[in-house]
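Here's the letter readout for the chains.
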Protein chains: 2
Amino acid sequence: MTPLSTTPPTLADVAELAGVSRQTVSNAVNNPDLLRSDTLARVQDAIEALGYSPNRAARNLRTRASHLIGMRIGPAQEGTANATMDRFVHSLVETSREAGYHVLLFAGSSEDPIAGYEDLLRSTAVDAFVVTDTYLGNPQAVWLEQRRAPFVAFGRPWDHPDARHPWVDVDGAAGTDLATTHLLDRGHQRIAWIGWRKDSRIGEDRRAGWSRALHARGLPTTGLASRVEDTVASGREASAVLLDEAQPTAFVCASDTLAMGVLHTFRDRGITAGREMSVVGFDDSQVAQVVPFGLTSVRQPLEDVAVEIVKALEGLLAHPPTIATSTLLVPTLALRGSS
Amino acid sequence: MTPLSTTPPTLADVAELAGVSRQTVSNAVNNPDLLRSDTLARVQDAIEALGYSPNRAARNLRTRASHLIGMRIGPAQEGTANATMDRFVHSLVETSREAGYHVLLFAGSSEDPIAGYEDLLRSTAVDAFVVTDTYLGNPQAVWLEQRRAPFVAFGRPWDHPDARHPWVDVDGAAGTDLATTHLLDRGHQRIAWIGWRKDSRIGEDRRAGWSRALHARGLPTTGLASRVEDTVASGREASAVLLDEAQPTAFVCASDTLAMGVLHTFRDRGITAGREMSVVGFDDSQVAQVVPFGLTSVRQPLEDVAVEIVKALEGLLAHPPTIATSTLLVPTLALRGSS
DNA sequence: TGGTGTCATTGGATCGATCAAGACGATCCC
DNA sequence: GGGATCGTCTTGATCGATCCAATGACACCA
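Residues numbered from 1 in each chain as written. Chains lettered and ligands numbered in written order. Predicted model: local features only at pLDDT ≥ 70, side-chain atom pairs only at ≥ 80, totals over all residues. Heavy atoms only, no water.

So, on to the interface of chain A and chain B. With 60 residues of chain A in contact, the opposing surface of chain B contributes 60 residues. Carbon and sulfur atoms make up 60% of the area that chain A and chain B hide from each other, which totals about 5,300 Å². Run the count over chain A and chain B and you get six salt bridges. Between R299 of chain A and E78 of chain B there is a salt bridge, with the nearest N and O atoms lying 3.2 Å from each other. Taken together, the links from chain A to chain B amount to 24 residue pairs in polar contact (both at pLDDT 80 or more). Sorting the residues of the side of chain A that touches chain B by element identifies α4 (56-63), β1 (68-73), α5 (84-98), β2 (102-107), α6 (117-122), α10 (232-246), α11 (256-268) and α12 (286-290) of chain A as the ones contributing at least two each. A per-element tally of the side of chain A that touches chain B places α5 of chain A first, with seven residues. One ladder, built from three bridges, connects β2 of chain A with strand β2 (residues 102-107) of chain B; its direction is antiparallel. (Contact = heavy atoms within 4.5 Å. Buried area = accessible area lost by both parts, 1.4 Å probe. Salt bridge = Lys/Arg side-chain N within 4 Å of Asp/Glu carboxyl O. Polar contact = N/O pair within 3.5 Å; in protein donor to acceptor, adjacent residues only side chain to side chain. Helix = DSSP H or I, 4+ residues; strand = E, 2+ residues; numbered from the N terminus. Pairing = 2+ DSSP bridges.)

Pasting the structure below:
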């Protein structure tokens, strides 16, 4: 009696065909070096012939591991140039594949950032999480840590310096320093900053890089900074005000979204972005890449972030777990026509 | 002997606490109406008290279902404005959550579009797939159909009209018709087309909407169309040539990427996009939304696409499976400053 | 009184893999 | 030569849920 053609072959099927026991087939898959080479070959032939792959549910049940990494994904942000998460998801999926993991996406309601995590954790659906939106005051990280759930954060635990979880982040200050220094090298003296409101730790970090670079050359920052919401309209207004009140010749922005606002103002006033009047954004979004003549932008090394995160995850999930070291990566500057 | 605090509670734990059998707890979770109301309440209290969630691996093993939907995700396309997939992923994740499904992302090598599908299918890791890149001649769909694997395609089976799998698509021709008619209503007479090479079925579909709209008003299309690669540079070159040779006053493009190329040419020539000289893109990307004064663009109803796809998936996975009807959705036009 | 039916609940088998322990023969060493 | 050791392979138990068949309790009706 052959099994229904719709039923995938099992260990037992392979074992019967190869004339060995189930355990031997299991070893052929998981510990090939335990088998004599001729038996191994015979089993592998049988596996090939039947097109066998271990049933994931059964394996997960027994080994108490799913080889899935959970990641919450919020709704797409329309009207902004924020594409960091999307590029990161791509990188993470590809990197974790090499480590034998798949990525499980789940939706999160902004009202209850814990929901979703709770469920997946209880039902042992994922082995670990990647937590991305740590800038929101980071309740997930705190909660997951209490729960002793394995996770790696993309983003530093700003408000919890005693946090014990591994994290990977990009040095925002280094990025804006890079951008500002680039403008200084181009001869600019009065370089303005348009960033986020003061309660954003990331925003303050990026701002610090700008002021650090200016101070390093003995230049003042007074009156050259503006803190607004992360929208194109805010960037437009802020740049208009700064142009009138502080006469900068260049802008460094905390995001491409804000930088687009600056380009908007330039257009309002017939200014052409370039060597004379420059703008630098942050994130190297598609917008920066395709806007006419291009927007110079700080580019986060998201591929490297993914690699480091997966490394940390592998450490966490190893037996015994490795104390993962946290990593701070340095961004680069994508030079384009706007500077 | 209490279980280790790190081990999640099981059915048996709940059963013991509630003083009922395992099966009764299982029923309380899956068929609550089978229980007497007082027993149900008692079991639910126990579940609550222990923080119990059914172990997914065990459930998957027994029910032969994972409640996971697999979706292949290619590498991010840099240098273009193509963000359809990202917006769609967001929508799909949120919609499938409501149906009790999670989304499993996996990476695909462009050389072997089947790899990944094969593995997940054999190991019964996912219940079904969502296939998105059907424009590539669609080898996955053919292969999955042969395999009798449940899947829904986002995109019509252009080259396989006899395909039996359910699909959901957006009427590209309707979108470009909408865009062209909008321009005609604004008084334009000579409206150019910049689209993709002829081997793209989607491109030809979108092109058809443009020519249909012009012909409906008795206007000629001769010399007004150009077919190029989907890059900003190509759009820029094509629009420059068209301006010189055909004197159009408006452009309809197969993508926002190409439309950005047109804006590039405008900028080269000191033309301001607006009522006089108009451009319309396709996809309503973030680029279209934040570029100064905005790019009018055809917007695919991706949220609705996700809803329809999940509906079709639920049908496929129901017992017995429902013959899912395929759906063609109509896009809308996001009006902005460029027209 | 006893048969029939319904309702609520139970116990054992099962999904397909891995773990733990043991069987078997060959080899080695004192 | 006998016991220990190693390499190779096998058997039975197990992970935690659901499926299936069966049980007991109870009401109904002839």
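Having seen the model, we can carry on.
We now examine α11 of chain A. Residue and element names in this part refer to chain A. Helix length check: α11 (13 residues) gives 18 Å between terminal C-alpha atoms against 18 Å at 1.5 Å per residue, within 8%. In terms of residue burial, α11 counts as a mostly covered element, since 11 of its 13 residues are buried. Among the residues of α11, D256, T257, L258, A259, M260, G261, V262, L263, H264, T265 and F266 are the ones counted as buried. (Expected span 1.5 Å × (residues − 1). Buried < 20%, exposed > 50% of the residue type's maximum accessible area, 1.4 Å probe, protein only.)

Below, the discussion takes up the protein's contact with DNA strand D. Close contacts around DNA strand D come from 26 residues, with T39 of chain A together with L11, Q23, S26 and N30 of chain B the closest. Backbone atoms, meaning sugar plus phosphate, form 63% of the atoms of DNA strand D positioned within 4 Å of the protein. One nitrogen or oxygen atom from the side chain of R22 of chain B is found 3.2 Å from a base oxygen belonging to DNA strand D. Taking Q23 of chain B, its side chain carries an N or O atom lying 2.3 Å from a base nitrogen of DNA strand D. Looking at which element gives the most residues to the surface near DNA strand D, the answer is helix α4 (residues 56-63) of chain B, with five residues. (Near = heavy atom within 4 Å.)

The operation relating chain A to chain B is a screw motion whose rotation component is 180 degrees, with 0.0 Å of axial translation and a residual RMSD of 0.1 Å. Classification of the inter-copy transformation places it as that of a two-fold axis. When you check the interface residues of chain A against chain B, 98% turn up at the interface there too, and the contact is symmetric in its surfaces. (Least-squares fit on C-alpha atoms with pLDDT ≥ 70 in both.)

On the basis of which strands lie adjacent, the open sheet formed by 12 strands has the order β11(A)-β5(A)-β4(A)-β3(A)-β1(A)-β2(A)-β2(B)-β1(B)-β3(B)-β4(B)-β5(B)-β11(B) and mixed pairing. Where the open sheet ends on each side, the last strands, each with one partner, are β11 (327-329) of chain A together with β11 (327-329) of chain B. The sheet shows a mean angle of 20 degrees between the axes of neighbouring strands, direction not considered. By the bridge criterion, three bridges tie strand β5 (residues 167-170) of chain B to β11 of chain B in an arrangement that is parallel. Each bridged residue has a counterpart across the sheet, and for V170 of chain B the counterpart in β11 of chain B is L329 of chain B. (Axes fitted to C-alpha atoms, helices over the stretch in contact; angles between N-to-C directions.)

Attention now moves to the domain arrangement of chain A. Buried accessible area, meaning the area lost when the parts come together, often serves as the stated size of an interface. Residue and element names in this part refer to chain A. You can read the domains of chain A as domain 1 (11-54), domain 2 (68-169 + 302-330) and domain 3 (172-299). Its C-alpha centre places domain 2 at a distance of 29 Å from the equivalent point of domain 3. Opposite the 12 residues of domain 2 that make contact, domain 3 presents 14 residues. Summed over both partners, the interface of domain 2 with domain 3 comes to about 1,100 Å²; 49% of that surface belongs to carbon and sulfur atoms. For the interface between domain 2 and domain 3, the tally reads three salt bridges. Here R299 makes a salt bridge to E303, at a shortest N to O gap of 3.9 Å. Taken together, the connections running from domain 2 to domain 3 amount to six residue pairs in polar contact (both at pLDDT 80 or more). Of the residues contributing to the side of domain 2 that touches domain 3, the split by class is four nonpolar, four polar and four charged. (Domains from an automatic or database assignment. Nonpolar A, V, L, I, M, F, W, Y, C, P; charged D, E, K, R; others polar.)

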